[in-house]
Amino acid sequence: MSERRPFIATYIQASRPHGVIYIGMTSNLYERGHHHRTGAFEGFASRYGCGMLVWYEQFELVTNAIRREKALKRWNRVWKLELIERTNPEWVDLYPSLCGWAPDPRVKPEDDGEGSVAAFLKRLESEA
C-alpha cells in the first residue's frame, strides 16, 4: 500500500447494495479502503460492515474533499443512493479496480455496434 501515491478523496462505503452507507474523506483512499475492508479500526463503518467502496470522487486539495464530505453528509438518503447509482448502478465494489486488480466496472467497453470507431473504420475500408 505505501508504494502508491496518496489519493485524496471523498468516498462512500456500503455494507451491501442499498444497505448501510458510510461517507468519509481521506488523504489516501488506497490505505483507507484497505482499513475498511479489514476492519482495522473500530467505528461506524466497522460496526456495520461497510466494506464495499461504492463511490468516490478524487480531489487535488484536502480542503475540497472535506467540504464535499460535509455536504454529502447533509444530503438525505435518497439523494445519496441516487449519487451512487448514477455511476455504479450494480453496486460493484470499486476497491479492486481502484488498486488496478480489476477493470473499472463504471467504464463501459466500447460499443461494437454501428456507432463504434471500429465499425466506422471497417465501413471506410469496405467502401474503398
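Residues numbered from 1 in each chain as written. Predicted model: local features only at pLDDT ≥ 70, side-chain atom pairs only at ≥ 80, totals over all residues. Heavy atoms only, no water.

Another point: the sheet that holds strand E2 (residues 21–26). Spatially, 3 strands are ordered E2-E1-E3 in an open sheet, and the strand pairing comes out antiparallel. Two strands in the sheet have a free side with no partner beyond their single neighbour: E2 and strand E3 (52–58). Put simply, the sheet's adjacent strands are angled 20 degrees from each other on average, direction ignored. In this sheet, E2 lies alongside strand E1 (residues 9–14) in antiparallel orientation, the contact comprising 6 bridges. If you follow alanine 9 over to E2, its bridge partner there is threonine 26. Most of the contacts of helix H3 (residues 62–74) go to E2, to which it runs at about 165 degrees, and overall it touches E1, E2 and E3. (Pairing = 2+ DSSP bridges. Helix = DSSP H or I, 4+ residues; strand = E, 2+ residues; numbered from the N terminus. Axes fitted to C-alpha atoms, helices over the stretch in contact; angles between N-to-C directions. Contact = heavy atoms within 4.5 Å.)

To continue, consider the pairing of E3. Regular strands place their side chains on alternate faces of the sheet. The element E3 is largely enclosed, with a buried count of 5 among its 7 residues. Bridge count for E1 against E3 is 6 bridges, and the pairing is antiparallel. Residue pairing across strands places glutamine 13 opposite leucine 53, the latter belonging to E3. (Buried < 20%, exposed > 50% of the residue type's maximum accessible area, 1.4 Å probe, protein only.)

Our focus in this paragraph is helix H1 (residues 29–38). Every buried residue belonging to H1 is among Leu29, Tyr30, Gly33, His35 and His36, and all of these are buried. For H1, the elements touching its buried residues are E1, E2, helix H2 (44–47), E3 and helix H5 (95–98). A side-chain oxygen of the first residue of H1 lies 3.3 Å from the backbone nitrogen of tyrosine 30; this N-cap is asparagine 28. Following H1 by one or two positions, glycine 39 has its phi on the positive side, about 70 degrees. (Polar contact = N/O pair within 3.5 Å; in protein donor to acceptor, adjacent residues only side chain to side chain.)

Our next topic: the packing of aromatic side chains. Counted according to the given criterion, the structure contains 7 aromatic pairs. The interplanar angle of 45 degrees and the centroid separation of 4.7 Å between the aromatic rings of phenylalanine 44 and tyrosine 48 together place this pair among those described as tilted. Feature note: the residues Tyr11, Tyr22, Phe44 and Tyr48 constitute an aromatic cluster, connected by ring pairs. (Phe/Tyr/Trp six-rings, centres within 6.5 Å; stacked < 30°, edge-to-face > 60°.)

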